[in-house]
Amino acid sequence: MKEHMMKTIFAKRLFDGENWLTNQKVTLKGQIIESVVSIEGISDAQAGHMEVVDFLAPGFIDVHVNGGGGALFNHTPTIEALERMVAVHAQFGTVAMMPTLISDDYEIMSQAHQTVCQALKQNMVGILGMHYEGPYLNPIRKGVHNESKLRKPTEGKLTTLLEVSRSGKLMVTLAPEQVPEGFIEWLVSEGAIVCIGHSAASYDQARQAVMSGARGFTHLFNAMTPLVSREPGVVGAALQTDKPTWCGLIADGHHVHPASMRVAIAAKGCEHMLLVTDAIQSVGSDEKEMPFLGKKVLRSEGKVTTEDGTLAGSDLDMATAVRNTISLIGRTPTEALQMASLRPAEFLGIEHHFGRIKAGYRASLVALSEDFFVQSTWIDGRKVWG
């Protein structure tokens, strides 16, 4: 019953997803924002009955997160791992995520699927659905994915893994040149959000995938054919604007050069760019070496690599991604915060519930310092960090 009690936050500054406001009283009722009201200020007596923060923004949404706090979803596809990932990433302002499964055996995919379905059934906070990154990827652009796990789709087995879309969001990252004709349309008809990634597709193949319903590009520039003079590649297709598609950006300064990110945003526009972490279990952990899909990965200076130097996901969190978008790429705080919240919400089709601080929206919020470090996080009206 306590979860349905009224809670009030006074924000000296508030970014509501579109506008910057001052002296706002935000009232939470259960999981929902009941009202956002401008007031002159508060007395000491009033301050005793509400939480006072310097700066409040919509909580961050991460559509590509593999692990955190020592837990990698592939290693332990369990409810406990999801709870750990949510708790750890909440420290960095993430209020909702798409737990991501890297290419793996069908048995692991099935376990992960059952776990996410259970989490959705239980209304676990912070879990929006499931992201299968593979296994229908091109070995030429496999990155850190285990080549022995990559394969062509088997429809009978795959159908049983799509149940997530009945109660939550389902993302599938694939290489369009590795799947049969009509496969992308079929996935979309089954409720999946199809993303192009780990692909050696030509520009024309990638464009055809977009025409077939693909609407995302997984970690733009990484593990895809580049844009060159006579073959625009997957990157060229990603930067087109005639169809509504979104690009994930790993803004850690290691995966993509800041100049490349600046050029991409100039071409595509911030409104179709999402900040993602691609985080592995290193985030929220002190480990310098850790197992990763049968290999050893090393963590150093903000990145994680295999022993041969291949990037293995990232050591990035969403708050750092926001700061980097401002400091490395030179975007405004408005654009950076939108790329971390409203844009992912629009990509997933949940922008009427997330990405804004307005009456009727989910009470999933982040209090930040002036330099965008997280001070407190609320998920569905409950303070989970700070």
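Residues numbered from 1 in each chain as written. Predicted model: local features only at pLDDT ≥ 70, side-chain atom pairs only at ≥ 80, totals over all residues. Heavy atoms only, no water.

**Some thoughts on the packing of aromatic side chains**
Under the defined criterion, the tally for this structure stands at 6 aromatic pairs. Put simply, the rings of Phe15, Trp20, Phe55 and Phe372 touch in pairs and so form one group of aromatic residues. (Phe/Tyr/Trp six-rings, centres within 6.5 Å; stacked < 30°, edge-to-face > 60°.)

**Considering the nonpolar core**
Core analysis: the biggest nonpolar cluster contains 100 residues, and Leu187 and Leu348 have the highest contact counts within it. Per-element accounting of this core gives the leading share, 7 residues, to helix H3 (residues 106-121). Among residues more than four places away in sequence, those in contact with Leu187 are Leu158, Leu162, Val172, Leu174, Ala192 and Val194. (Core = buried A, V, L, I, M, F, W, Y, C linked by side-chain atoms within 4.5 Å. Buried < 20%, exposed > 50% of the residue type's maximum accessible area, 1.4 Å probe, protein only. Helix = DSSP H or I, 4+ residues; strand = E, 2+ residues; numbered from the N terminus. Contact = heavy atoms within 4.5 Å.)

**Focus: the sheet that holds strand S20 (residues 382-385)**
Across the sheet, which stays open at both edges, the 7 strands sit in the order S3-S2-S1-S4-S18-S19-S20 with mixed pairing between neighbours. Two strands in the sheet have a free side with no partner beyond their single neighbour: strand S3 (32-38) and S20. For this sheet the average axis-to-axis angle between neighbouring strands, irrespective of direction, equals 40°. In terms of strand pairing, strand S19 (residues 374-379) meets S20 through 3 bridges, oriented antiparallel. The residue of S20 that forms the bridge with Ile379 is Arg382. (Pairing = 2+ DSSP bridges. Axes fitted to C-alpha atoms, helices over the stretch in contact; angles between N-to-C directions.)

**Topic: the environment of Thr245**
Looking at the secondary structure, you find Thr245 in the loop between helix H8 (233-238) and strand S13 (246-249). Here the alpha-carbon distance between Thr245 and Val210, two residues 35 residues apart in the chain, equals 7.9 Å. Other than its neighbours up to four places away in sequence, Thr245 contacts Val210, Ala214, Arg215, Phe217, Ala238, Gln240, Lys268 and His272.

**Looking at the state of the cysteines**
The tally for this structure, following the rule as stated, stands at 0 disulfides. The thiol of Cys195 is not disulfide-bonded; the next cysteine sulfur, from Cys247, is found 9.9 Å away. (Disulfide = S-S within 2.5 Å.)

**Some points on the pairing of strand S16 (residues 295-300)**
Looking at chain direction, strand S15 (residues 289-292) and S16 are connected through 4 bridges and run antiparallel. Counted as the bridge partner of Pro291 is Lys296 from S16. Count of turn residues in the S15/S16 antiparallel hairpin: 2 residues, of which Leu293 carries a positive phi of about 50°. As judged from the 4 bridges shared by S16 and strand S17 (residues 303-306), these two strands associate in the antiparallel manner. Residue pairing for S17: Ser300 is matched across the bridge by Lys303. Linking two consecutive strands that pair antiparallel, namely S16 and S17, is a turn of 2 residues; a positive phi of about 50° is found at Glu301 within it.

**Remarks on the packing of helix H10 (residues 318-327) against helix H11 (residues 333-340)**
Where H10 meets H11, the closest approach of the two axes is 9 Å, and the angle between their N-to-C directions is 145°. Our pair here, H10 against H11, has a crossing hand that is right-handed. Between H10 and H11, the residues in contact are Met318, Val322, Thr325 and Ile326 and Pro333, Ala336, Leu337, Met339 and Ala340, respectively. Considering only residue class, the contact of H10 with H11 consists of 8 nonpolar, 1 polar and no charged. (Left-handed = near helix turned anticlockwise from the far one by under 90°. Nonpolar A, V, L, I, M, F, W, Y, C, P; charged D, E, K, R; others polar.)

**Brief notes about the sheet that holds S15**
Strand order across the open sheet formed by 3 strands is S15-S16-S17, with antiparallel pairing between neighbours. Of all strands in the sheet, those bounded by a partner on one side alone are S15 and S17. Here the strands of the sheet are splayed against their neighbours by 35° on average, with no regard to which way each runs.

**A few points about the pattern of salt bridges**
Close approach of charged atoms allows side chains with opposite charge to pair. Here the structure, examined in full by the defined rule, presents 15 salt bridges. With a shortest N-O distance of 3.0 Å, Lys149 and Asp105 are connected by a salt bridge. Here the residue Lys149 occupies a position in the loop between strand S9 (129-133) and helix H4 (155-159), and Asp105 occupies one in the loop between strand S8 (94-102) and H3, the gap between them amounting to 44 residues. We classify Asp105 as partly exposed; its relative accessible area is 32%. Put simply, Arg362 and Asp380 hold a salt bridge, and the shortest N to O gap is 2.8 Å. One end of the pair, Arg362, is in the loop between helix H12 (342-348) and strand S18 (365-368); the other, Asp380, is in the loop between S19 and S20, with 18 residues separating them in the sequence. (Salt bridge = Lys/Arg side-chain N within 4 Å of Asp/Glu carboxyl O.)

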